[in-house]
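Take a look at the letters that make up each chain.
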Amino acid sequence: MDIARMARLAPVDYVVMAVYFAAVLAVGWLLRRLMRTSTDFFLSGRSLPPWVTGLAFISANLGAQEVLGMGASGAKYGIATSHFYWVGAIPAMVFVGLFMMPFYYGSRARSAPEYLKLRFDEKTRTLNAVSFAVMTVFSSGISMYALGKLLNLLLGWSFDASILVSAVIVLAYIVLGGLTSAIYNEVLQFFLIVFGFLPLVWLGLVAVGGWHGLSMQLSALSVARGFPADAYTHAWRTMGDAARNPIGVEWFGLVMGLGFVLSFGYWCTDFLVVQRAMAAESMTAARRTPLIAALPKMFFPFLVILPGMIALVLSGAGGAHGLIPAKLTAAGLPLLDAAGHPVLDYDLATPMLLIRLFPTGMLGLGLTALLASFMSGMAGNVTAFNTVWTYDIYQAHIRKGASDAHYLWMGRAATVVGIVLAIAAAYVASAFNNIMDMLQLVFAFVNAPLFATFSLGMFWKRTTGHGAFWGLLSGTIGAAVHHGLTLPAGAVPGIKGGYLGLVHTYPSELAQTFWTAITAWTTCMVVTIVISLMTRPRPDEELRGLVYALTPRQTDAEHSFWRRPTTLGVIVLIMTLALNFVFF
């Protein structure tokens with residue numbers, strides 16, 4: 001199957017993509033003169049309005065992992081993928097806005113690891129900084145891999161050249177304009193993604209006979225795969241038994257692993273998104289940032305999951321698997337799993353639907369929307385990486401007391417290094433047929449134990465630095481042990497687990513990841529509590545503004561009722577609950 005020929009790109013399509021690349025570079029060029037200090041470069045001078053930081057908050061997460069990964073998960077798991085939003089995002093976004101942002105913004109910490117230093121000690125900060133830096137490199141590498149793969153398959157470009165071009169463009173506008181450039185480009189990318197994918201969803205639904213037609217075809221496919229008829233079209237009905245749904249997990253593993261540990265671990269502690277809120281102009285603006293982001297976020301399943309579901313049933317070259325092709329080996333032959341079945345390349349679900357349904361001209365817009373998602377994901381991770389490296393590793397341990405101009409220079413140098421490391425990580429991502437599965441696994445190792453550390457530190461003043469450090473380290477080791485002793489069905493020992501032996505096989509990668517996250521969080525929580533009770537806590541006067549019980553409550557009385565963060569948070573939760581009931 002010659003996918004490049006199917007793309008049918010005309011000159012106007014290339015013009016649309018060229019205009020986009022020129023626009024993102026222009027933003028960085030125009031903002032370069034505003035980057036006078038390290039605070040300007042890393043935190044945008046804390047001067048941005050909440051609607052800008054709110055859209056950047058959601059767009060930083062709207063990278064290739066979401067646009068391609070959620071489409072891939074929609075094809076692989078059905079509408080149950082919406083749990084990543086209605087269970088695995090919105091509640092945590094409300095929580096970070098109402099309860100955790102006062103600590104981040106009020107402490108004037110420049111990064112999440114720096115908050116850990118203020119709350120605990122230097123060793124806890126350093127451990128988190130190193131693990132977070134590794135995570136951002138892998139996450140950025142996933143975006144690069146997705147972009148390189150897309151341009152290679154759809155346009156016929158060399159995979160290596162595709163990665164290099166994308167890296168150079170992201171590097172240019174971040175080095176020039178810092179976080180401000182990344183944020184304003186993320187706002188641009190948000191609108192581009194929305195306007196690029198709305199027509200795709202509309203045309204896809206028309207092609208399969210609307211939601212009713214899609215449901216009928218997915219029901220037949222579900223039965224053929226041994227699941228109940230509604231397994232792909234209802235989010236909760238089949239969650240009572242792991243064997244009755246494509247994700248391969250029961251409701252407890254879903255709610256605890258995704259809805260609590262992974263979700264809160266990502267949205268509440270990941271500096272990639274927290275950094276956007278910390279760039280806001282005031283405390284109230286910082287608290288409203290994730291709440292403003294939550295409003296469009298709850299409707300994104302219809303934008304990014306539905307294309308994957310449609311691609312699964314729309315007839316095409318993919319045969320029994322709709323438009324989704326098999327992954328290919330280096331020899332060009334279909335890749336087979338341990339059972340001898342073809343490994344489907346779910347990451348191509350959305351791109352295949354796009355080139356099938358979009359005519360010339362619109363195809364350029366759709367591809368540009370995909371490119372925007374990749375750029376957004378790479379830029380978000382790189383800006384987080386250069387901040388954590390400069391403040392929490394370089395300034396803290398390598399070069400203390402240097403001038404602000406030196407740290408500004410180091411931030412730009414770290415951007416170059418981060419891009420180079422991400423290029424290497426891009427090749428690791430090729431082992432997975434769904435980049436979202438790989439990303440969630442990385443989160444299970446890093447964010448899951450970190451959430452236990454943050455939550456104990458913020459809400460239990462008895463937590464000590466020794467407890468936090470050894471708990472965080474033990475949680476990461478616990479994740480490695482669980483992952484090393486388990487495998488998803490059809491996988492072989494290696495990057496997907498089983499490298500320490502095999503004691504259990506999970507139905508899917510996500511099921512394994514959810515329980516890896518639960519193991520990491522539980523281990524960190526228990527070890528932190530035990531060691532904290534055995535060591536001396538810090539006096540209360542050193543913890544004011546860092547612990548919930550010792551921090552003044554935010555009243556927001558100066559704002560009207562409808563503009564208060566608490567009111568907005570309640571509205572968001574009610575709307576999310578309604579969506580869960582509609583697709584129960």
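Chains are numbered independently. Their residues run from 1 in the order of the written sequence. Local features in this predicted model are restricted to residues of pLDDT 70 or higher, and side-chain atom pairs are both shown and tallied only at a pLDDT of 80 or more, whereas totals for entire chains, interfaces and linings draw on every residue. The side-chain figures draw on all heavy atoms in the structure; neither hydrogens nor water molecules are used.

**Thoughts on the overall build of the protein**
For the protein, the helix and strand inventory stands at 22 helices and two strands. By the burial criterion, 62% of the 584 residues in the protein qualify as buried. Long-range contacts, defined as pairs at least 24 residues apart, comprise 79% of the intrachain contacts of the protein with a sequence gap of at least 6. Secondary structure counts use DSSP, requiring at least four H or I residues in a row for a helix and at least two E residues in a row for a strand, with both numbered from the N terminus. In this scheme, a residue with accessible area under 20% of its type's maximum is buried, one over 50% is exposed, and one in between is partly exposed, where area comes from a 1.4 Å probe on protein chains only. The contact criterion used throughout is that any non-hydrogen atoms of two residues lie within 4.5 Å.

**Considering helix H22 (residues 565–582)**
To estimate how far a helix should reach, multiply one less than its number of residues by 1.5 Å. Relative to the 26 Å expected for 18 residues at 1.5 Å per residue, H22 spans 26 Å between its end C-alpha atoms, a close match to the ideal helical length. Burial in H22 covers these residues: Pro565, Thr567, Leu568, Gly569, Val572, Thr576, Leu579 and Asn580.

**Focus: the pattern of salt bridges**
The salt bridge definition used is simple: a Lys or Arg side-chain nitrogen within 4 Å of an Asp or Glu carboxyl oxygen. Considering all chains together, one arrives at ten salt bridges under this definition. One salt bridge in this structure joins Arg237 and Asp230, with 3.7 Å as the shortest N-O distance. Residue Arg237 is classed as partly exposed on the basis of its relative accessible area, which comes to 47%. The salt bridge partner of Glu509 is Lys496, with a shortest N-O separation of 3.1 Å.

**Quick word on the packing of aromatic side chains**
Whether two aromatic rings pair depends on their centres lying within 6.5 Å, for rings of Phe, Tyr and Trp, where Trp uses its six-membered ring; planes under 30 degrees apart make the pair stacked, over 60 edge-to-face, and the rest tilted. What the rule picks out here adds up to 23 aromatic pairs. With centroids separated by 6.3 Å and ring planes inclined at 55 degrees, the aromatic side chains of Phe99 and Tyr548 adopt a geometry described as tilted. Taken together, the positions of Phe99 in helix H7 (residues 90–106) and Tyr548 in the loop between helix H21 (509–534) and H22 put the pair 449 residues apart, joining distant regions of the chain. For Tyr548, a relative accessible area of 29% gives the class partly exposed. The interplanar angle of 40 degrees and the centroid separation of 4.8 Å between the aromatic rings of Tyr266 and Phe443 together place this pair among those described as tilted. Taken together, the residues span a long stretch of sequence, with Tyr266 in helix H12 (residues 251–269) and Phe443 in helix H19 (residues 435–459) at a distance of 177 residues. Each member of the aromatic cluster is reached from another via a ring pair, and the members are Phe95, Phe99, Phe260, Phe264, Phe451, Phe459, Trp521 and Tyr548.

**Quick notes on the nonpolar core**
Buried Ala, Val, Leu, Ile, Met, Phe, Trp, Tyr and Cys residues form a nonpolar core when they are joined through side-chain atoms within 4.5 Å. Residues Tyr104, Leu370, Phe374, Phe454 and Phe514 are the most contacted members of the largest nonpolar core, which totals 165 residues. In terms of nonpolar packing, the next biggest core, distinct from the first, is built from five residues, Ala133, Val137, Ala414 and Ala425 among them.

**Points about the side chain of Thr486**
Tracing the chain through its elements places Thr486 in strand S1 (residues 486–488). We classify Thr486 as buried; its relative accessible area is 3%. For the purposes of these results, a polar contact is taken to be a pair of N or O atoms within 3.5 Å, where, inside protein, one atom must be able to donate a hydrogen and its partner to accept one; residues adjacent in sequence count only when each atom of the pair is a side-chain atom. At a separation of 3.0 Å, a polar atom in the side chain of Thr486 contacts the side chain of Gln512. Look past the residues within four positions of Thr486 in its chain and what remains in contact with it is Lys496, Gly497, Gly498, Gly501, Leu502, His504, Tyr506 and Gln512.

**Some words on the environment of Ser162**
Mapped onto the fold, Ser162 is located in helix H10 (residues 159–207). Residue class for Ser162 comes out buried when judged on its relative accessible area of 0%. With twelve residues separating them along the chain, Ser162 and Leu150 place their C-alpha atoms 8.7 Å apart. The contact partners of Ser162, leaving out residues within four places of it in the chain, are Gly148, Leu151, Asn152 and Trp157.

**Quick look at a nonpolar patch on the surface**
Residues qualify for a patch when their relative accessible area is over 30% and they have no salt bridge, like charges being joined within 9 Å and the nonpolar side chains of Val, Leu, Ile, Met, Phe, Trp and Tyr within 5 Å. Where accessible areas are quoted, they stem from the Shrake-Rupley method and a 1.4 Å probe; at the residue level, only the protein chains shown are allowed to cover. Together, Ile477, Val481, Tyr499 and Leu500 make up a nonpolar patch on the protein surface, roughly 380 Å² of accessible area in all. The residue Tyr499 is located in the loop between S1 and strand S2 (504–506) in this model. You can call Tyr499 partly exposed: its relative accessible area is 42%.

**Describing helix H16 (residues 349–357)**
Burial runs high along H16: seven of the nine residues are buried. Among the residues of H16, those classed as buried are Ala349, Thr350, Pro351, Met352, Leu353, Leu354 and Ile355.

**Focus on the side chain of Ser474**
Among the secondary structure elements, Ser474 is positioned in helix H20 (residues 465–484). A distance of 2.7 Å separates the side chain of Ser474 from the backbone oxygen of Trp470, its partner in a polar contact. The residues touching Ser474, leaving out its near neighbours within four places in the chain, are Thr523 and Val527.

**Structural notes on the packing of helix H14 (residues 283–297) against H22**
Every axis corresponds to a line fitted to the C-alpha atoms, with the helix fit spanning only the stretch in contact, and the corresponding angles, defined between N-to-C directions, vary from 0 to 180 degrees. Axis separation between H14 and H22 bottoms out at 10 Å; the angle between their running directions is 15 degrees. Considered as vectors, H14 and H22 are oriented roughly parallel to each other. You can see that H14 and H22 cross each other, and the crossing is left-handed. From H14, Thr284, Arg287, Arg288, Leu291, Ile292, Ala294 and Leu295 reach across to H22, where they touch Pro565, Leu568, Gly569, Val572 and Met575. Only Asp, Glu, Lys and Arg are considered charged in this grouping, and only Ala, Val, Leu, Ile, Met, Phe, Trp, Tyr, Cys and Pro are considered nonpolar; every other residue, Gly among them, is considered polar. Split by residue class, the contact of H14 with H22 holds eight nonpolar, two polar and two charged. Here is the rule for angles: anything less than 35 degrees is roughly parallel, anything more than 145 is roughly antiparallel, 65 through 115 is roughly perpendicular, and the remaining ranges are oblique. Here is the rule for handedness: rotate from the far helix to the near one, and if that takes an anticlockwise turn smaller than a right angle the crossing is left-handed, while a clockwise turn gives right-handed.

**Details of the confidence of the model for the protein**
Close inspection of predicted coordinates is inappropriate in any region flagged by low pLDDT. Within a predicted model, pLDDT stands for the predictor's per-residue confidence, ranging from 0 to 100. Across the protein, the average pLDDT comes to 80, with 83% of residues at 70 or higher. When the elements of the protein are averaged for pLDDT, helix H1 (residues 3–7) gives the smallest value, 49, and H20 the largest, 95.

**Quick notes on the packing of helix H15 (residues 301–313) against H16**
Packed helices, taken two at a time, are described by the angle their axes make and the gap between the axes. Viewed as axis vectors pointing N to C, H15 and H16 meet at an angle of 75 degrees, and their least axial separation amounts to 8 Å. Here H15 lies roughly perpendicular to H16, going by the angle between them. Contacts from Pro307, Gly308, Ile310 and Ala311 of H15 reach H16 at Ala349, Thr350 and Leu353. Looking at the contact of H15 with H16 residue by residue, the classes come out as five nonpolar, two polar and no charged.

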